[in-house]
Amino acid sequence: MGKVVVGATVICAAAACAVTALVVRQRLRNSGNWAAAMAILDDVERKSDAQLSKLRQIADAMAVEMHAGLASEGGSKLKMLISFVDKLPTGDEKGVFYALDLGGTNFRVMRVKLGGNELRVVKQETAEVSIPSELMVGTSEQLFDFIAEAVAKFVATEGENLHPEPDRRRELGFTFSFPVKQTSLDSGDLIRWTKGFSIPDAVGKDIVAGLTSALERKGIDMRVAALVNDTVGTLAGGRYDSPNVIAAVILGTGTNAAYVERVQAIPKWHGPIPKSGEMVINMEWGNFRSAHLPFTQYDAALDAESLNPGEQIYEKMVSGMYLGEIVRIVLYRMADEAAFFGDTVPEKLKVPFILRTPDMSAMHHDSSPDLKVVATKLKDILGITNTSLKTRKAIVRLCDIVSTRGARIAAAGIFGIIKKLGKDTIKDGENNQKAIIALDGGLYEHYKEYRECMESTLNELLGEEVANTICIEHFNDGSGIGAALLAASNCLFRYRGGEEEASL
């Protein structure tokens, strides 16, 4: 009997030792995995670092590319497109005008009643429509017919005092936020699609002609008076509010910038010198690229899986469509190489673009003690449950790394424009009136950490004295109303009773 007890005791002890050894091995394994995951995160942080000296190099490179793009077509990665906008709104505009704003996964139709300098914007009405994903990769006729149908429905809601006069057509400003080779204020050929659109039959074609044909098919009597990029529209909207606006930047699904340039500084402009002596330039800065950008293997992976590999590199590093995807790619590597979420890689984590930037922002801004928002997003979007607090903290850290890098190099781009305009220094004897940069876009508006980092970085680059002469102002929905204002500035003349009458 004693031998049995001793034997049982030995067996139990052996089993206990085995279990203990298994637990120790598991803990060591987990410890090793965590160390490997943190090593990956540390590496991302190191390679994403954007010190002030590097940002100044990026700004200098931006200014150099701006000069090259103004000198000749194809001379730079920056298109530096001539917008044909040489007269910005003044506040004198009167009448009812429409705007169509197409720049991402949604588009908006707007109706604006302008009352001149005293009344300004009397009334503004807007309808927003989501674009079905299949139309983003379909045909141009399908896309424009869908848009024209929405415009027709919106026109049908006109109030009694918003109808056009009997002898006057409705006029529309068309904000089209994709690279276009402008041939006049109201015509332009599409260079390429961005932001997830891929409709080959539209490339090289006049976008206004495509929209006009669709409007005609729907029986809408409407003239497209101005074709503008969203940044040009934002610039026009900003200038309507303040004559001190010198540039506009969009930080949203995509990113771009426009600014007011002296015509004499545009060697590739061969037209007459406008009375204003100025021209709005649509930079198309999303395609900027420089060896000074902190481009990582994760950016390379994102670029390779995108619809436009090798293009829009700057946009892919700073804009709302891509920041969440960069986070996903890093998390996938951590899961695959360091078992960050357990022994198997979560299936949903393998899906490109499943993690959107608004979700990344929500996790980044999570201030709850247990990071409950992070846990919820991981569960709802990626199907990942039972994460530890330290895992969730690591994810917040990753969001901060990606967001900070994007915000800082966006600030460097803005500083590049300021340098090009010669406003990066205080000049004795000159009127150093405060200049305004108009900002718009969902990323800038809704991602607080990104916005605050970008603004503080720009102030760092400017220095305290110059920073007092530069102001960033948010112009919400500037691109939409800006297009309507440019339509008003360029509306057709009509004849009544033998006299020429403008619609303003």
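Just so you know, these numbers come straight off a predicted model, no measurement behind them. (Residues numbered from 1 in each chain as written. Predicted model: local features only at pLDDT ≥ 70, side-chain atom pairs only at ≥ 80, totals over all residues. Heavy atoms only, no water.)

**Focus: the side chain of aspartate 440**
Reasoning step 1: One can find aspartate 440 in strand β12 (residues 435-440).
Reasoning step 2: Although aspartate 440 lies buried, it forms no salt bridge, and the closest oppositely charged side chain, arginine 108, sits 6.0 Å away as judged by the N-O distance.
Reasoning step 3: In this structure, aspartate 440 is in contact with Thr234, Val249, Ile250, Leu251, His474, Phe475, Asn476, Asp477, Gly478 and Ser479, ignoring residues within four places of it in sequence. (Helix = DSSP H or I, 4+ residues; strand = E, 2+ residues; numbered from the N terminus. Buried < 20%, exposed > 50% of the residue type's maximum accessible area, 1.4 Å probe, protein only. Lys, Arg positive; Asp, Glu negative; His and termini not counted. Salt bridge = Lys/Arg side-chain N within 4 Å of Asp/Glu carboxyl O. Contact = heavy atoms within 4.5 Å.)

**Structural notes on the nonpolar core**
Reasoning step 1: Within the largest apolar cluster, 92 residues are counted, with the highest numbers of intra-cluster contacts made by Met283, Trp285, Ile437 and Met454.
Reasoning step 2: For this core, the element with the most residues is helix α12 (residues 389-420), which contributes 16 residues.
Reasoning step 3: Not counting the four nearest positions on each side in its chain, tryptophan 285 is found in contact with Met62, Leu78, Val249, Thr255, Asn256, Ala257, Tyr314, Ala410, Gly413, Ile414 and Ile417.
Reasoning step 4: Membership of the second largest hydrophobic core comes to 35 residues, among which are Leu102, Phe176, Leu190 and Leu211. (Core = buried A, V, L, I, M, F, W, Y, C linked by side-chain atoms within 4.5 Å.)

**Remarks on the sheet that holds strand β11 (residues 278-282)**
Reasoning step 1: As summarised here, the arrangement of the six strands in space is β1-β11-β10-β9-β12-β13, forming an open sheet in which the pairing is mixed. Each having just a single partner strand, β1 (81-82) and β13 (470-474) make up the two edges of the open sheet.
Reasoning step 2: Sheet topology note: the β1/β11 ladder contains two bridges and is antiparallel. When the bridges of β11 are listed, isoleucine 82 appears paired with isoleucine 281.
Reasoning step 3: This element, α12, spans β9 (245-251), β10 (255-262), β12 and β13 of the sheet and lies at about 10° to β10. (Pairing = 2+ DSSP bridges. Axes fitted to C-alpha atoms, helices over the stretch in contact; angles between N-to-C directions.)

**Re the pairing of strand β3 (residues 106-115)**
When a strand is regular, its side chains alternate between the sheet's two faces.
Reasoning step 1: Counted residue by residue, β3 has eight buried out of ten residues, so it is predominantly covered.
Reasoning step 2: The pairing of strand β2 (residues 94-102) with β3 spans nine bridges and is classified as antiparallel. By the bridge assignment, leucine 102 is partnered in β3 with phenylalanine 107.
Reasoning step 3: Counted along the chain from β2 to the antiparallel partner β3, the turn is three residues long.
Reasoning step 4: Relative to strand β4 (residues 121-130), β3 runs antiparallel, the two being bridged by nine bridges. Pairing of arginine 111 across the sheet is with glutamate 125, part of β4.

**Things to note about the environment of aspartate 186**
Reasoning step 1: By the element assignment, aspartate 186 lies in the loop between β6 (180-184) and β7 (187-190).
Reasoning step 2: Put simply, aspartate 186 and isoleucine 281 are 95 residues apart on the chain and 16 Å apart in space, counted from C-alpha to C-alpha.
Reasoning step 3: Leaving out residues up to four positions away in the same chain, aspartate 186 has contacts with Val208, Arg223, Val224, Ala225, Ala226 and Leu227.
Reasoning step 4: There is a polar contact of 2.8 Å between the side chain of aspartate 186 and the side chain of serine 184. (Polar contact = N/O pair within 3.5 Å; in protein donor to acceptor, adjacent residues only side chain to side chain.)

**A closer look at the environment of lysine 420**
Reasoning step 1: The residue lysine 420 is located in helix α12 in this model.
Reasoning step 2: Separated by 56 residues in the primary sequence, lysine 420 and histidine 364 have C-alpha atoms spaced 34 Å apart.
Reasoning step 3: Setting aside residues no more than four positions away along its own chain, lysine 420 makes contact with Met66, His67, Leu70, Tyr259 and Glu261.

**A closer look at the side chain of lysine 268**
Reasoning step 1: Relative to the helices and strands, lysine 268 resides in the loop between β10 and β11.
Reasoning step 2: Using a relative accessible area of 9% as the deciding quantity, one classes lysine 268 as buried.
Reasoning step 3: At 3.0 Å, the side chain of lysine 268 and the backbone oxygen of lysine 79 are in polar contact.
Reasoning step 4: Ignoring sequence-local partners within four residues, the contact set of lysine 268 consists of Gly69, Leu70, Ala71, Ser72, Glu73, Lys79, Met80 and Ile82.

**Some thoughts on the pattern of salt bridges**
Reasoning step 1: Under the definition given, this model contains 28 salt bridges.
Reasoning step 2: Put simply, aspartate 303 and lysine 316 hold a salt bridge, and the shortest N to O gap is 2.6 Å. Note that aspartate 303 is positioned in helix α7 (residues 297-305) and lysine 316 in helix α8 (residues 313-318), a separation of 13 residues in sequence. Each of the two residues, aspartate 303 as well as lysine 316, counts as buried.
Reasoning step 3: When the shortest N-O distance is used, the salt bridge between arginine 333 and glutamate 337 registers 3.1 Å. Taken together, the residues span about one helical turn, with arginine 333 and glutamate 337 both in helix α9 (residues 323-338) at a distance of four residues.
Reasoning step 4: The class of arginine 333 is partly exposed, set by a relative accessible area of 21%.

**Let's talk about the packing of aromatic side chains**
Reasoning step 1: Taken as a whole and judged by the stated rule, the model has 15 aromatic pairs.
Reasoning step 2: Ring centres of phenylalanine 176 and phenylalanine 178 lie 5.0 Å apart, and the angle between their planes is 50°; on these two criteria the pair is classed as tilted. When sorted by exposure, phenylalanine 176 lands in the same class as phenylalanine 178, which is buried.
Reasoning step 3: With a centroid separation of 5.8 Å and 70° between ring planes, the pair formed by phenylalanine 176 and tryptophan 193 is classed as edge-to-face. Here the residue phenylalanine 176 occupies a position in strand β5 (residues 170-176), and tryptophan 193 occupies one in the loop between β7 and α5 (207-217), the gap between them amounting to 17 residues. Each member of the pair, phenylalanine 176 as well as tryptophan 193, carries the same accessibility label: buried.
Reasoning step 4: Clustering of aromatic rings is evident, with ring pairs tying together Phe174, Phe176, Phe178, Trp193 and Phe197.
Reasoning step 5: A cation over a ring is seen here: arginine 120 above tyrosine 240, with NZ or CZ 4.1 Å from the ring centre.
Reasoning step 6: Looking at arginine 289, its charged tip hangs above the ring of phenylalanine 295, at a distance of 5.4 Å from the centre. (Phe/Tyr/Trp six-rings, centres within 6.5 Å; stacked < 30°, edge-to-face > 60°. Lys NZ or Arg CZ within 6 Å of the ring centre and 35° of its normal.)

Purely geometric numbers; function is a separate question.
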